[in-house]
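Here is how the chains run, residue by residue.
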Amino acid sequence: MKLQRVGQTVAHEVEITGRRGSVVYARIDDQEISAILQRAADGSLMIRIGGNPTRVNAARSKGLILVAAGAASFEFRLAQTGSARPRSGFASPLVEAPMPGKVLKILVVEGAKVSAGDALIVLEAMKMETTLYAEGAGMIAKVRVVAGQMVDHGATLIELSPLRDSSSGESPPPGR
């Protein structure tokens with residue numbers, strides 16, 4: 001995927017190339033890196049690259065990826081690459097918990113159509129509410145949690161599927 005830091009014009013190609021235990025291998029542009037990841041009790045990650053540890057928190061919100069690394073913070077968005085568009089109509093088919101917390105509200109139901117920026121679910125973590133939004137158009141395939149449920153960082157909350165292509169010649173069921 002290509003990520004662009006908000007406020008800058010340069011986009012960087014980022015790819016996770018492998019994982020072995022707590023070591024993650026990645027390629028950023030043409031540079032190969034490896035990092036050791038350790039989960040902290042508060043849900044953040046300790047990342048060690050070249051022996052230097054840094055505490056990192058990340059979350060997705062309205063098409064942005066928000067990252068706090070040590071004392072620095074960054075905002076990234078998926079970079080636009082010419083006329084290429086995701087075939088499925090959304091960036092990720094899974095909505096995952098950006099941190100451990102409690103599911104406060106589920107704002108969608110299975111089968112509902114959503115557009116980019118639609119609110120999907122509200123989590124509470126460290127006495128703060130976080131609303132997670134759809135990254136693109138799709139349909140709610142499965143809601144995997146219930147209100148009041150405690151979830152871990154990375155837990156799958158909602159599964160999305162692509163909308164049916166109206167140009168395929170399929171017609172909607174009668175009465176719609």
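Above this note sits the structure.
Procedures and definitions
- Residues numbered from 1 in each chain as written.
- Predicted model: local features only at pLDDT ≥ 70, side-chain atom pairs only at ≥ 80, totals over all residues.
- Heavy atoms only, no water.
- Salt bridge = Lys/Arg side-chain N within 4 Å of Asp/Glu carboxyl O.
- Helix = DSSP H or I, 4+ residues; strand = E, 2+ residues; numbered from the N terminus.
- Pairing = 2+ DSSP bridges.
- Contact = heavy atoms within 4.5 Å.
- Buried < 20%, exposed > 50% of the residue type's maximum accessible area, 1.4 Å probe, protein only.

Chemist: Please set out the pattern of salt bridges residue by residue, giving values where relevant.
Modeler: This structure, assessed with the given rule, holds one salt bridge. Its salt-bridge partner being Arg144, residue Glu159 comes within 2.7 Å of it at the nearest N-O pair. Remark: Arg144 occurs in the loop between strand S14 (138-143) and strand S15 (150-151) and Glu159 occurs in strand S16 (residues 156-161); sequence separation between them is 15 residues.

Chemist: Break down the sheet that holds strand S13 (residues 128-133) for me, with residues and values.
Modeler: The four strands lie next to each other as S13-S12-S10-S15, forming an open sheet whose pairing is antiparallel. The strands lining the two open edges of the sheet, one partner per strand, are S13 and S15. Two elements, strand S10 (residues 101-106) and strand S12 (residues 119-125), share four bridges in a ladder whose sense is antiparallel. The residue bridging Ile106 from the neighbouring strand is Ile121, located in S12.

Chemist: Please set out the environment of Met150 residue by residue, giving values where relevant.
Modeler: Within the element layout of this structure, Met150 appears in strand S15. Linking Met150 and Lys102, residues 48 residues apart in sequence, is a C-alpha distance of 4.4 Å. In this structure Met150 touches Gly101 and Lys102, once residues within four positions along its chain are discounted.

Chemist: Summarise the environment of Pro162; cite the residues concerned and give the values.
Modeler: Of note, Pro162 is situated in the segment after S16. For the pair formed by Pro162 and Pro93, sequence separation is 69 residues and the distance between their alpha carbons is 8.2 Å.

Chemist: Could you give me a rundown of the pairing of S12, with the residues and numbers involved?
Modeler: Working note: regular strand, side chains alternate between the two faces of the sheet. The buried fraction of S12 is high, at five of seven residues. Note that S12 and S13 share six bridges and pair antiparallel. Each bridged residue has a counterpart across the sheet, and for Val122 the counterpart in S13 is Thr131. Hairpin remark: S12 followed by S13, antiparallel, with two residues in the connecting loop; positive phi at Met126, about 50 degrees.

Chemist: Account for the sheet that holds strand S11 (residues 113-114), with residues named and values stated.
Modeler: Read from one edge to the other, the open sheet built from four strands follows the order S9-S16-S14-S11, with strand pairing classed as antiparallel. Across the chains shown, the open sheet's two edge strands, defined by having one partner strand only, are strand S9 (94-96) and S11. Of the pairings in the sheet, the one linking S11 to S14 comprises two bridges and is antiparallel in character. Along S14, the bridge assignment pairs Lys113 with Met139.

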